[in-house]
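Descriptive analysis of the structure
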There are 4 protein chains.
Amino acid sequence: MIVGDRVGGRSLRWGMVGGGRGSQIGYVHRSAATRDGIFALVAGALDVDGERGRAFGIALGMDPSRSYPDYKVMFTAEAGREDGIEVVSIATPNNTHFVICKAALEHDLHVICEKPLCFTVAEAEELAGLAKSRQRTVGVAYGYSGYQMIEEARALVAAGELGDIRVVNFQFSHGFHNTAVEQESPSTRWRVTPEFAGPSYVLGDLGTHPFYLSEVILPHLRIKRLLCTRQSFVGSRAPLEDNATVLMEYESGAVATAWISAVNAGAMHSQKIRVVGSRGSLEWWDEHPNQLSLEIQGQPPRLLDRGMPYLHGTALEEDRIGAGHPEGLFDAWANLYRRFALAITGSSQTLTFPGIEAGLEGVRWVENCVRSADQGGVWVDYR
Amino acid sequence: MIVGDRVGGRSLRWGMVGGGRGSQIGYVHRSAATRDGIFALVAGALDVDGERGRAFGIALGMDPSRSYPDYKVMFTAEAGREDGIEVVSIATPNNTHFVICKAALEHDLHVICEKPLCFTVAEAEELAGLAKSRQRTVGVAYGYSGYQMIEEARALVAAGELGDIRVVNFQFSHGFHNTAVEQESPSTRWRVTPEFAGPSYVLGDLGTHPFYLSEVILPHLRIKRLLCTRQSFVGSRAPLEDNATVLMEYESGAVATAWISAVNAGAMHSQKIRVVGSRGSLEWWDEHPNQLSLEIQGQPPRLLDRGMPYLHGTALEEDRIGAGHPEGLFDAWANLYRRFALAITGSSQTLTFPGIEAGLEGVRWVENCVRSADQGGVWVDYR
Amino acid sequence: MIVGDRVGGRSLRWGMVGGGRGSQIGYVHRSAATRDGIFALVAGALDVDGERGRAFGIALGMDPSRSYPDYKVMFTAEAGREDGIEVVSIATPNNTHFVICKAALEHDLHVICEKPLCFTVAEAEELAGLAKSRQRTVGVAYGYSGYQMIEEARALVAAGELGDIRVVNFQFSHGFHNTAVEQESPSTRWRVTPEFAGPSYVLGDLGTHPFYLSEVILPHLRIKRLLCTRQSFVGSRAPLEDNATVLMEYESGAVATAWISAVNAGAMHSQKIRVVGSRGSLEWWDEHPNQLSLEIQGQPPRLLDRGMPYLHGTALEEDRIGAGHPEGLFDAWANLYRRFALAITGSSQTLTFPGIEAGLEGVRWVENCVRSADQGGVWVDYR
Amino acid sequence: MIVGDRVGGRSLRWGMVGGGRGSQIGYVHRSAATRDGIFALVAGALDVDGERGRAFGIALGMDPSRSYPDYKVMFTAEAGREDGIEVVSIATPNNTHFVICKAALEHDLHVICEKPLCFTVAEAEELAGLAKSRQRTVGVAYGYSGYQMIEEARALVAAGELGDIRVVNFQFSHGFHNTAVEQESPSTRWRVTPEFAGPSYVLGDLGTHPFYLSEVILPHLRIKRLLCTRQSFVGSRAPLEDNATVLMEYESGAVATAWISAVNAGAMHSQKIRVVGSRGSLEWWDEHPNQLSLEIQGQPPRLLDRGMPYLHGTALEEDRIGAGHPEGLFDAWANLYRRFALAITGSSQTLTFPGIEAGLEGVRWVENCVRSADQGGVWVDYR
Ligand SMILES: NC(=O)c1ccc[n+]([C@@H]2O[C@H](COP(=O)([O-])OP(=O)(O)OC[C@H]3O[C@@H](n4cnc5c(N)ncnc54)[C@H](O)[C@@H]3O)[C@@H](O)[C@H]2O)c1
Ligand SMILES: NC(=O)c1ccc[n+]([C@@H]2O[C@H](COP(=O)([O-])OP(=O)(O)OC[C@H]3O[C@@H](n4cnc5c(N)ncnc54)[C@H](O)[C@@H]3O)[C@@H](O)[C@H]2O)c1
Ligand SMILES: NC(=O)c1ccc[n+]([C@@H]2O[C@H](COP(=O)([O-])OP(=O)(O)OC[C@H]3O[C@@H](n4cnc5c(N)ncnc54)[C@H](O)[C@@H]3O)[C@@H](O)[C@H]2O)c1
Ligand SMILES: NC(=O)c1ccc[n+]([C@@H]2O[C@H](COP(=O)([O-])OP(=O)(O)OC[C@H]3O[C@@H](n4cnc5c(N)ncnc54)[C@H](O)[C@@H]3O)[C@@H](O)[C@H]2O)c1
């Protein structure tokens, strides 16, 4: 049970790049990081518009001298301070992740980077190498993995409750972009522009989330080959897709299907994962994240609830309130930032932590999907 | 509203092949056909064990002289009677459908045949030709299409409520055969034996159902190419699959995914169809068949209920009781048998009727799936 | 598993009073009774308009000479036939139940009567006395009690799964009469007219249903005192209520609340029952009757499904199709008519059968509710 | 959309009484108050055990000199500081609310007090008088009222979407105390001990929550008379109840039922409110707080989702993240603390704020319920 104790007894000195006023995900980072004072936001380069970014940083309570117009200026200036930032989060459009992350590591900062980590496996490996040589931690913002029931799912599989895994289905298929909303919405515009978004839209933007959940829940599975088809139902988005389907075969013989979409009209998130084993199945849905369905063949399905004593220990570690009360996205992210703090401070950690390998694997998955799709949706050996 | 009136004012003289005591689906046929006296069961060859079949027919109230040990005997004998059967239902294992159906048509009977209609498109075309030349109706027992909300789904799509169709997902994925239950259950045993089941297990046994629903709801879509992978998770079932995934691309550019399984451990039926258009989506689930979810982007999802005045006329035609009361499988099948009677008697019909083309299309779909799967899960042009 | 065998090997000769063309519940009776040929509809006086009734009977296939204009004529005529009816169902407005039932018993017929059985306990006792002296069975049409999951609920309580019963909540609160629909609908008009409906509208029309379910599930509880308030939200319905709340205290110390309404705007049926014991609870909802929620404190809630081997034997006795398939209202009623046939023929019966005492207890409950309500909603000792 | 701006540009200096380590609700207060730096926790007397309280305060980052062993010491000491606290939250067992709240007001502090505010209406009025004369704000911790969908419910009713209100049903009926868990749990022990809990257990502890929601959603309704029965199913809890039912009649003719319980075995929270009007109904459930069901008679029910543009403006004001993402309890409480800050700083406020009258009305409701129950469950005029 989390009651507000600080990791290591003090707040980590934290900066942010991106996440300016009006951004989609900036507030979530700040809310999560500063929960219980685990991180303290002392510096930032929050906006592509330097002045707007500075004003917002000041409004958020930063020392004006530490609300920077530009991340490079920030990294240099902070490196020169005794009390300079130790860790930085990057919440900018995808195309900038690689360069900013690299610059941060070169300034010996720990980094929490948005997904997708970068555009290519080669880039990701370069970042991983740098992180290793600089002995710095890189975390990737797979926020949904902070939900406690994901730990329960992982524990159930590890305990063999489902038997041998046979089928995995995951999806993240919302409907908010069923028309060309990018004409009005800048946050969508860059997502459908290769220069900013990278080689994919929904696969990278949405798909990496449940893909990472599948890795957390099923750490023993290795993809052997994969097939992806992608479509641009709003035609102006081509070559980037707004809908994709991926078939995967694992080394073990298990199979998976993923449906990733931004044109699932009328749906909210529809991020779900179902894992089917020889004995039973589990299913989780991010819109009602405090529940997990456990279905053992021949028994009535059970609806597990967050916070209940019948859960595995790892699923109870991060509860912040008793069972019955719904925790939400901000709590999941706060869990994740807490795990980042544990990783950064080298504290012991029992739960899943999406480090740079998780970021790399996400990029790899997208790269393989795109490679398959661009050949007409053929099977490609996973590499 | 159906209140018990007979189609054409009299009961059709009806016989059955298969559906003996202990069979899975025999009682459903009888219950549906005899509802409101639309069909009268006057003859039968109900069992592969002739004597057991005769005894059961008598127990069901047949004239002992018309409870036959064998369908050939029945067809001949009945053909010789003034009051002989006009129509026969075939509810035997798959391998016998073709021969029995053919024999029935050759005896100038109308036929209601279980799915899959037969093993190959060539066979199906032969039956279709025979039906045409003999001027006889062949209906196929796609029972789920009798649910009223399927008509509503069809009407919603036809009215353009969903906009242009983009994505279709359907599944029939139960968990009852997650282990080798066929060792104890004869009804499962023949299903996993190619000689009796044909070229596929779950694709034909389960998949043809939601595939037909997709045809009913989306009559304007034509499959262009298709890809299927299939697995035998219970190894002894090979070469027949107990799990399959199918990707489809339609001529229109829409795409579809199907998940068909008998090893979805812990699930009951999980027969679902979701249709996504440019404007909104609909979703239906056979375990709660009186509801249909209609989700228009930007509006709250609506849960439509059978029997309510806001539905389309075709969805209200076959109500048997006011809204709020659940109708079930037997009512859906009774609707279907009523439509069969309308077809057989040449009466006018506004609703969907799964005739021999529907049976043929199901066989074609399985054939294409198997062709793809057997080449390692590659795209095949639909033919 | 029911497969179509006849009770006692022959159809019972059955007549109907009421349930004419356009009536709400007539078709349900016929559909249920004739299922598997357990009853054969050979005579009827189906309508208050004698000629319309006769025409409808003939349309339903009756011998024209046995489609009567009037129930008295029918009882006399049928009594004079060798092959006269043995049993009659009464599906007329409430005010006629007593006289018709009495007349039927006086003609030595078994009776299946609609609820509420009559208007007063005194009347009910008179009918019970007559039934006893004539040695005839009276069944009451509590159709929902035919759902298999009600037997499961009963078995769970009997097995002590819930511990000591503490709280019972039941409701039947639809929204279809939120405005004065009786101005257009004859079926509603008599329901809100004391002369036809009796001393109550929703308590008798709707409330007796879940009240009977509570008796089936909790046979050991005896009401000690009760309090009822009732309202006529559509004012023209006064003195009859369209909404009522009832508090009950049982001898055992358990308590109950009932909410009965026809003005629960926007709701379909909302017939539900929740039983809370010291150990756990169960909940059932008639719109999804194949499921039953079982919630043991400290364990995840379980959703039990019809037809599954983990259910109690009594809940499996009347399955007509395998698990996963939804059975519906017509199947529940068919179960009930089957039990009526068993009772009438003196066959052995393991399941609940709503006989005349059940009818009497429903009338008693309404009488006590009305007595309380008419004194301003005070506690009255149950009598 | 909340993005982290501070109310009035600075953090309010905030202290806490109670909410020590291991307490149920202390962390929620701190998490909510310090969100976005709206309040800064600078002082505390967190525990009945002074030393434990001091240690915990220091662990939470307080200046050791401001982590007090006792609230009286704190109030005096802080009053003597230039930078002393301006506002204090009280999260101690019920019996202490009155004295601590009084002392705080006498030290000219704004107060955020846990519910129930105190034990009697007389006490509540005394506090209200004191708050008025000292010109201080008292907020009451009705945390659930911070959920955005409650504002939507309020707006729907205000806009007349439901028509005239007829029936209100609310409940908070969990199952966690189905046995005498108080033998092990101190947090439960005081709740069932009159000296600490006051005149009721569940009515005050749980019931005041949905009662307040009913006031927020239905501000125009005035209770005319009320009837309550209460039970102690775990006998050792007498005279305090662990289950209660309340009937209410409003001046308008509308009626309400409340079920409040801690012995609803197997249930999680089951805090729900349903409001039925002449035109339609709404329903909300605190376990899935981002949804609201809106059911207009004759239309399909709609499931409204937090954050969607179709909601009323007041329901969108406090969103912290886009639609589809679940917000939870901590976000609702943060909304509430934000509203408290607005009230304390005299800023303009469009949303509901549970001030001292809300606290008083809760106490009044409990007092009336207890008065009724203690006379045997009779109607009492509301006063
Ligand atoms: N983990 C998640 O659940 C999640 C959710 C949403 C977005 N994201 C990711 O977060 C990132 C940001 O997405 P968003 O939706 O918030 O985008 P957005 O367009 O809403 O906001 C981007 C922000 O970055 C700022 N920015 C852009 N370039 C900058 C630069 N060079 N220096 C400083 N600031 C700069 C912009 O001014 C803006 O404030 C993306 O990589 C996206 O994939 C992740
Ligand atoms: N439409 C549906 O929803 C649905 C559901 C279940 C089964 N089915 C189909 O129905 C058919 C039967 O399936 P089932 O599950 O009832 O099988 P089953 O094994 O349970 O029963 C088959 C019955 O056919 C009889 N039989 C076999 N060979 C016969 C012969 N030559 N002559 C007469 N009777 C013979 C058997 O004695 C048995 O009574 C299959 O084609 C199956 O695919 C359809
Ligand atoms: N068990 C249930 O679930 C259920 C459901 C609906 C109705 N009911 C009960 O069934 C009864 C009928 O209700 P309904 O909704 O079908 O009513 P309805 O008004 O729709 O139909 C009543 C029928 O009875 C006929 N009738 C009236 N007086 C008659 C007479 N003297 N002789 C012969 N026929 C006569 C009418 O012509 C009509 O056909 C009522 O007692 C009602 O409470 C029970
Ligand atoms: N608003 C809500 O949703 C909600 C939820 C839970 C509890 N509550 C209310 O919050 C209050 C506390 O409940 P809880 O469940 O956290 O209780 P708890 O027993 O878990 O914790 C009470 C805390 O108060 C401290 N305390 C007791 N007396 C004190 C004193 N004189 N000075 C300083 N500290 C003292 C205790 O040491 C303990 O830390 C109650 O009034 C309860 O009704 C409200």
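Residues numbered from 1 in each chain as written. Chains lettered and ligands numbered in written order. Predicted model: local features only at pLDDT ≥ 70, side-chain atom pairs only at ≥ 80, totals over all residues. Heavy atoms only, no water.

This part covers the overall build of chain A. Along the backbone of chain A there are 12 helices and 14 strands. For chain A, the C-alpha radius of gyration of 20 Å lies close to 21 Å, the compact-globule estimate for 383 residues. Over its C-alpha atoms, taken along the principal directions, chain A stretches across nearly 65 × 50 × 40 Å. Within chain A, the fraction of its 383 residues that count as buried is 66%. Long-range contacts, defined here as pairs at least 24 residues apart, represent 68% of the contacts in chain A between residues at least 6 apart. Total accessible area computed for chain A in this model is approximately 12,100 Å², and 51% of it derives from carbon and sulfur atoms. Averaging the positions of the 36 positive and the 45 negative side-chain charges in chain A gives two centres separated by 1 Å. (Helix = DSSP H or I, 4+ residues; strand = E, 2+ residues; numbered from the N terminus. Rg over C-alpha atoms; globule rule 2.2 N^0.38 Å. Buried < 20%, exposed > 50% of the residue type's maximum accessible area, 1.4 Å probe, protein only. Contact = heavy atoms within 4.5 Å. Areas by Shrake-Rupley, 256 points an atom, 1.4 Å probe, with all protein chains shown as cover. Lys, Arg positive; Asp, Glu negative; His and termini not counted. Charge placed at Lys NZ, Arg CZ, Asp CG, Glu CD.)

What follows covers the UniProt feature "domain: Gfo/Idh/MocA-like oxidoreductase C-terminal" (unreviewed entry) in chain A. Following the UniProt record, one finds the feature "domain: Gfo/Idh/MocA-like oxidoreductase C-terminal" (unreviewed entry) at residues 154–380 of chain A. Annotation note: span residues 154–380 of chain A, helix share 30%, strand share 26%, distance between end C-alpha atoms 28 Å. (UniProt positions renumbered as here; feature names shortened; annotations may be inferred.)

It is worth spelling out the interface of chain C and chain A at this point. Opposite the nine residues of chain C that make contact, chain A presents nine residues. Of the roughly 740 Å² buried where chain C meets chain A, counting both sides, 73% is carbon and sulfur surface. Inspection of the chain C/chain A interface yields zero salt bridges. A breakdown of the residues in the side of chain C that touches chain A according to their chemical character gives six nonpolar, two polar and one charged. (Buried area = accessible area lost by both parts, 1.4 Å probe. Salt bridge = Lys/Arg side-chain N within 4 Å of Asp/Glu carboxyl O. Nonpolar A, V, L, I, M, F, W, Y, C, P; charged D, E, K, R; others polar.)

Counting residues at the interface gives 39 residues for chain B and 39 residues for chain A. Together, the buried faces of chain B and chain A total about 2,800 Å²; carbon and sulfur atoms form 52% of this surface. Sorting the residues of chain B by area buried against chain A places B:Arg166, B:Phe233 and B:Gln297 first, and these three jointly supply 23% of that buried surface. Linking chain B to chain A there are zero salt bridges. Between the two partners, chain B and chain A, sit 15 residue pairs in polar contact (both at pLDDT 80 or more). (Polar contact = N/O pair within 3.5 Å; in protein donor to acceptor, adjacent residues only side chain to side chain.)

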